[in-house]
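# Residue-level structural notes
Listed here are the chains, written in short residue letters.
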Amino acid sequence: MSHDLKSAFWDRIDKVQAGMLQAGGARPVPMAPYADRDENSIWFITAAGTEIAQAAETGAEASLQIADSSSHLYGSVDGRISMVNDPDKLDELWNVFASAWFKDGRDDSSVRLIQMRPARAEVWATEGAAAFLYDIAKANMSDQMPDGGDHGVVTV
């Protein structure tokens with residue numbers, strides 16, 4: 001797929017507030033992704049003992065499902081997750097949202113940093129609700145199909 005779609009993926013995933021992460025056969029759970037294009041990584045903060053943390057300890061295959069209307073990004077990202085012990089990276093990513101999940105905040109002993117290395121993503125990058133509604137109206141008044149945005153499979 002085009003370099004433009006790959007760029008749109010990295011530009012927009014940085015604005016995604018939550019997606020559903022599934023790994024190691026466990027059920028999908030909502031997680032906040034933190035994208036790092038330079039490291040070809042999507043980071044997550046979780047707690048020790050969660051199914052995601054357990055899957056990361058084994059380097060499990062993972063899938064992140066995104067349906068985020070504010071970033072105009074929809075898709076499925078596949079890769080592997082691993083547990084990373086990097087206090088500097090954790091400090092970089094830490095925020096009030098992550099802190100709310102841990103009794104002792106950043107210093108909580110159960111805080112775990114997960115790194116996803118995406119390998120492939122099927123992505124829909126749209127132009128937003130107004131453009132979509134216009135395309136729907138136009139399609140209903142003509143023989144044209146609505147434009148669902150840029151779509152394709154990218155190697156990320």
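What comes next is a walk through the structure. Source: prediction; values computed, not measured.

Scoring rules and cut-offs
Residues numbered from 1 in each chain as written. Predicted model: local features only at pLDDT ≥ 70, side-chain atom pairs only at ≥ 80, totals over all residues. Heavy atoms only, no water. Helix = DSSP H or I, 4+ residues; strand = E, 2+ residues; numbered from the N terminus. Contact = heavy atoms within 4.5 Å. Areas by Shrake-Rupley, 256 points an atom, 1.4 Å probe, with all protein chains shown as cover. Buried < 20%, exposed > 50% of the residue type's maximum accessible area, 1.4 Å probe, protein only. Pairing = 2+ DSSP bridges. Salt bridge = Lys/Arg side-chain N within 4 Å of Asp/Glu carboxyl O.

Let's shift gears to the overall build of the chain. Across its full length, the chain holds five helices and eight strands. Residue pairs in contact within the chain that sit at least 24 positions apart in sequence constitute 68% of those at least 6 positions apart. Here the chain displays about 8900 Å² of accessible surface, and carbon together with sulfur accounts for 51% of that area.

On to unusual backbone geometry, then. For Asn40, which is not glycine, the phi torsion reads 45° and is therefore positive. Assignment of secondary structure puts Asn40 in the loop between strand S3 (34–36) and strand S4 (41–47). Using a relative accessible area of 22% as the deciding quantity, one classes Asn40 as partly exposed. With a phi close to 60°, His72 is a non-glycine residue in the positive phi region. Following the sequence through the fold, His72 ends up in the loop between strand S5 (61–68) and strand S6 (73–84).

So, on to the side chain of Lys89. With respect to the helices and strands, the residue Lys89 is situated in helix H3 (residues 87–93). Apart from residues lying up to four places away in sequence, Lys89 is in contact with Asp36, Glu39, Trp43 and Leu113.

With that settled, the discussion passes to the environment of Met83. In this structure, Met83 sits in strand S6. Along the backbone, Met83 and Glu57 are 26 residues apart, and their C-alpha atoms lie at a distance of 5.5 Å. Excluding residues within four positions of it along the chain, Met83 makes contact with Ala53, Ala56, Glu57, Arg112, Leu113 and Ile114.

Our focus in this paragraph is the pairing of S4. Two faces, one strand: in a regular strand the side chains alternate between the faces of the sheet. Within S4, six of the seven residues are buried, which leaves it mostly tucked inside the rest of the structure. The pairing of S4 with strand S7 (residues 111–125) spans six bridges and is antiparallel. Counted as the bridge partner of Thr46 is Arg112 from S7.

Under the defined criterion, the tally for this structure stands at eight salt bridges. One salt bridge connects Arg80 with Glu61, and the closest N-O pair in it is separated by 3.4 Å. Within this pair, whereas Arg80 is found in strand S6, its partner Glu61 is found in strand S5, the two being separated by 19 residues in sequence. On the basis of relative accessible area, Glu61 is assigned to the exposed category, the value being 55%. The residue Asp78 makes a salt bridge to Arg120 at a minimum N-O spacing of 3.5 Å. You can see Asp78 sitting in strand S6 and its partner Arg120 sitting in strand S7, a full 42 residues away along the chain.

Tracing the backbone through its elements, the reader meets Leu21 in strand S1 (residues 19–23). Judged by relative accessible area, Leu21 falls into the buried class, the value being 0%. For the pair Leu21 and Leu64, spaced 43 residues apart in the sequence, the C-alpha separation amounts to 4.5 Å. Ignoring any residue separated from it by four or fewer positions in sequence, one finds Leu21 in contact with Arg27, Pro28, Val29, Met31, Phe44, Ile52, Ala62, Ser63, Leu64 and Met116.

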